[in-house]
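# Descriptive structure summary
Okay, here's what each chain looks like letter by letter:
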Amino acid sequence: MLACSPRPVVVSFTEVGLENDRATAGLRRRCVAWGCATLTVVLASAGCADEGDVVGTRAELGPPSVSVVAPIPGISNVNANEVSAIYSPGNLTRYGTFVMQYNGGGGPSVNGWSWSTDGLGYHRCNVRGNTDTACGGVTPDPIASFGAWGGDPYLASTQDGTGVVVATNGGKTVGSAYWNIVVAALSVDGGRTFPMSMTISDKGEGCNDGDQDQQAIALDGAPGSHRFWTAWRHDGAISVGGAYGACLRGFNVSSTGVVDFLNTTSHEVENLTHPTGSSIGGIIVQGGPSPIDGRDAVTIVYADRFTGGSAHSCQAPQDLKWYAVTTYDGGVNWTSSHLIYASQAYSDCADTNRIYSGGRDFGFARDPSGGYWVAVHDTTGTIRLFLSTNDGVTWSAVTTVSPGGSVFFPTVAADSSGHILLTYYRTSGVNVWVELTAGTGHLGDAWSSPVVVSSNSPEPASGSGMFGDYMAIAAVDSSFTGAAPGFMAAFTSLDPPSPFLPRIDAAWAQVSP
C-alpha cells in the first residue's frame, strides 16, 4: 500500500525533456513523477533521479502552455453528430493511430470511422460503401451486421502496441420496440479495419431486461492489460424518462481478436442512488489497480438526472447529482454510491437551436496513478473538475472553468506526463466553439487559459441533427505528433453550405512542460 505524506512520494517517472541548467552550465533531464495524486517535477543530471528525490513541484512552474494545430474539418464522410475517439499506440511495424467512430444519431445506422497516423491526414470509412482501400473493405459498424439500428459509439484500445481496438455500440434489432442489444466490432491493426464483431449483451441476458443505452467501454489500467470493461444503462422507456439501472461486463481480447468473457452474463450495478422512477442520465466506466491497495477496481460514474419527462426535452431547473460506485470482484459486489457533486439549479435541455446540453454529459478519466478525474457542467456557464485518489470514495474540487456564455459537455483526459486536458463546447447566442484548458495532476496547480480549437459555427438553427451530443479527447505520444506528446480532440461541427448538416472535425494540441 502506498502511504502519502506531506512530502510528495515519488512512485514512477516519466521523462518530459531536457532543460538547460545555468547553475551547472549543463543539461539536466526534466522528469515528472506520479505519486499520491501529486505531480512532482524532478531534475537530475542523468536519467530521472532516484525514487524519492524531490527537487520541485509542478505548482512552481505555473500553468502548462497549450499550442493548438488548426482544426481539420470534415473528418467524417457521412453526416454525424456523435463521436468517440481513442489513440492506439504503434509498434516497430505499425504507426500509432488516432481512431474515431461516429454516427448520425437515430434512424438506421450510419456509423462510420476514420483514422490517422499523424493527426493531419485521415482515412474516412463508412458502412455505406468504402472507397478507401485502407478501410479494409469491410463493415466496421457492429450494429449493421446484426440488422439493427445504431446507438451510441464508444471506443477503447490496448496501450501495449498490439493494436487491439474495441468499438462498442448499442441499438435495436429490426422490429424491436426497445434498444435491446449491446455489441462491439474488433480491430487488431490499431483501428484501421474492423473485420470481427461480437454480442456483449442481448435481450434477456444477465441484467438486460429493457432499453439498453449509452454503453461505455474502457481498457483496464493495469500495465499491458488486454482486459476491457463495458457498462450501460438499462430498463425504462427512454422516451418517457430514461433508464433506471446499469449493467457491467468484462472480457479479455487477445492480439489476434480472440474474446474471453470474464463472467457468463452481465452483472447488475448495485447500490445506485436515485429516487424511484428517476433517470440515470449517463454512465462511464474506468478500471485498473486500486491506488489504495492494488486490488482490481472498476468504478462507474453516473448522473441522477430528473424524475419523469423526456430525456431530450427542456426541463425546469432541478437538482442534478453525480455519483461513483465501485466493484472489486468484476461486478458481483458493489460499494455504496458516493456523491461527487450536486447541482442545485441545473437545466437539462436540447434547445430549439439543436444545441444539446443534457445533464447526462460529463467526463471521466483515469490517470497513471489510479486517480479518477470527473468533469461536470453546472448551471449555465460553469464547468467543475473533481479528483478522487481512493476509488471514488471521496472527491476534491480541482478547478472551475467559467469562460462566459453557456458551456456544456465537458470531456477530460490524462496523459503519462501528468497533464490533464479539459475540453467543452461553449455557446454565445447562436455561435458555438470548442475550447480546451490544461492543468496537471496536482490539487491547487494553475490551469492554462481556455484556447479555442474550433472555428465559429454557422447558425445552428438552420442546421439539422444534434449539435454537441458527444465529444472525445485522447492522449497521443510523440511518435504520433512528430514532436512533443499531446492530445487529439474530436467534436461536432456544422457542414456548410445550407442545410448545415452536422459533421465531425478534429484538432490536436501540444501541452508543455
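Just so you know, these numbers come straight off a predicted model, no measurement behind them. (Residues numbered from 1 in each chain as written. Predicted model: local features only at pLDDT ≥ 70, side-chain atom pairs only at ≥ 80, totals over all residues. Heavy atoms only, no water.)

## A short note on the overall build of the chain
Let me state the cut-off plainly: Helix and strand assignments follow DSSP, with helices taken as H or I runs no shorter than four residues and strands as E runs no shorter than two, numbered in order from the N terminus. Residue burial is assigned from relative accessible area. The probe radius is 1.4 Å, only protein chains are included, and a residue is buried under 20% of its type maximum, exposed over 50%, and partly exposed in between. The criterion used for residue contact is that any of the two residues' heavy atoms lie within 4.5 Å. Here the accessible surface of atoms and residues is derived via Shrake-Rupley with a 1.4 Å probe, and residues count as covered only by protein chains that are part of the display.
Scanning the chain for helices and strands turns up one helix and 35 strands. Counting the 513 residues in the chain, one finds 58% classified as buried. Of all intrachain contacts in the chain linking residues separated by at least 6 positions in sequence, the fraction that spans at least 24 positions is 56%. Approximately 18,100 Å² of the chain is accessible, and the part contributed by carbon and sulfur atoms is 52%.

## Observations concerning unusual backbone geometry
In this model, N271 sits at a positive phi of 65°, which is unusual for a non-glycine residue. Mapping N271 onto the fold places it in the loop between β18 (267-268) and β19 (278-289). The backbone phi angle of D391 is positive, close to 65°, even though this residue is not glycine. Positionally, D391 belongs in the loop between β27 (382-388) and β28 (396-401).

## Notes on the nonpolar core
Here is the rule we go by: Throughout this description, the term nonpolar core refers to a set of buried Ala, Val, Leu, Ile, Met, Phe, Trp, Tyr and Cys residues connected via side-chain atoms within 4.5 Å.
Counting residues in each nonpolar core, the largest one holds 48 residues, and the members touching the most others are F228, L248, V285, I300 and I340. In this structure, F228 is in contact with A156, S157, T158, V164, V166, I217, A218, L219, R249, G250, F251 and V253, ignoring residues within four places of it in sequence. In terms of nonpolar packing, the next biggest core, distinct from the first, is built from 39 residues, Y102, L421, L436 and V476 among them.

## So, the pattern of salt bridges
As a reminder of what qualifies: For salt bridges, the criterion is a side-chain nitrogen of Lys or Arg within 4 Å of an Asp or Glu carboxyl oxygen.
Considering all chains together, one arrives at four salt bridges under this definition. We note a salt bridge from R503 to D505, for which the minimum N-O separation is 2.8 Å. Classification of R503 by relative accessible area gives buried; the value is 15%.

## Some points on the pairing of strand β26 (residues 372-378)
Which entries qualify depends on this criterion: Note on pairing: two strands pair once DSSP finds at least 2 bridges between them.
Within β26, seven of the seven residues are buried, which leaves the element mostly enclosed by the surrounding structure. Following strand β25 (residues 362-366), the chain reverses through five residues before pairing antiparallel with β26; G370 in that reversal takes a positive phi of roughly 90°. Relative to β27, β26 runs antiparallel, the two being bridged by seven bridges. Of the residues in β27, the one forming a bridge with W373 is L387.

## Topic: the environment of P195
The residue P195 is located in the loop between β12 (181-187) and β13 (196-201) in this model. C-alpha of P195 to C-alpha of G257: the two residues are 62 residues apart in sequence and 9.6 Å apart in space.

## Focus on the confidence of the model for the chain
How we decide: For every residue, the predictor reports its confidence as pLDDT, a number between 0 and 100.
On average, residues of the chain score 75 in pLDDT, and 66% of them are at 70 or above. Here residues 1-59 is modelled with pLDDT under 50, and outside its nearest four sequence neighbours on either side it reaches 130 contacts, counting other chains as well. Of the regions scoring below 50 in pLDDT, residues 308-312 engages in 15 contacts with residues more than four places distant in sequence or in other chains.

## With respect to the sheet that holds β28
For clarity, the cut-off: Note on definitions: angles span 0 to 180 degrees between N-to-C directions of axes, and those axes are lines fitted to C-alpha atoms, for helices only across the stretch in contact.
Spatial ordering of the open sheet is given by β25-β26-β27-β28, a layout of four strands whose pairing is antiparallel. In the strand order of this sheet, the two ends are held by β25 and β28, each with one partner. Neighbour-to-neighbour, the strand axes of the sheet open up by a mean angle of 20°, direction not taken into account. As judged from the five bridges shared by β27 and β28, these two strands associate in the antiparallel manner. Note that in β28 the partner of I383 across the bridge is V401.

## Examining the packing of aromatic side chains
The condition that has to hold: The criterion for an aromatic pair is that two Phe, Tyr or Trp rings (for Trp, the six-membered ring) have centres within 6.5 Å, with stacked assigned to planes under 30 degrees apart, edge-to-face to planes over 60 apart and tilted to the rest. By the criterion adopted, a ring carries a charge over it if an Arg CZ or a Lys NZ lies within 6 Å of its centre and within 35 degrees of its normal.
Applying the stated criterion across every chain, the model contains ten aromatic pairs. Where Y87 meets F480, the ring centres are 5.4 Å apart and the plane angle is 75°; that geometry is what we call edge-to-face. Placement of the pair is Y87 in strand β6 (residues 82-88) and F480 in helix α1 (residues 478-481), with a sequence separation of 393 residues. When sorted by exposure, Y87 lands in the same class as F480, which is buried. Between the aromatic rings of F251 and F261, the centroid separation amounts to 5.6 Å while the plane-to-plane angle is 65°, which identifies the pairing as edge-to-face. Taken together, the positions of F251 in strand β16 (residues 245-253) and F261 in strand β17 (residues 259-261) put the pair ten residues apart, joining distant regions of the chain. Grouped by ring-pair contacts, the aromatic residues F228, F251 and F261 constitute a single cluster. It is R295 that lies over the ring of Y328; its NZ or CZ is 3.7 Å from the centre. Above the plane of the ring of W433 lies R426, whose end atom (NZ or CZ) is 4.5 Å from the centre.

## Some points on the sheet that holds strand β5 (residues 65-68)
Strand order in the open sheet formed by four strands is β5-β35-β34-β33, with antiparallel pairing between adjacent strands. Each edge of the open sheet is held by one strand with a lone partner, namely β5 and β33 (472-476). Mean inter-strand twist for the sheet, computed between neighbouring axes without regard to direction, equals 30°. Pairing of β5 with strand β35 (residues 501-512), which is carried by four bridges, proceeds in the antiparallel orientation. Looking at β35, one finds that S67 is bridged to Q510.

## Concerning the pairing of β33
Burial within β33 is extensive, with four of its five residues counted as buried. Of the pairings in the sheet, the one linking β33 to strand β34 (residues 486-495) comprises five bridges and is antiparallel in character. Each residue of the ladder has a partner; that of A472, found in β34, is A490.

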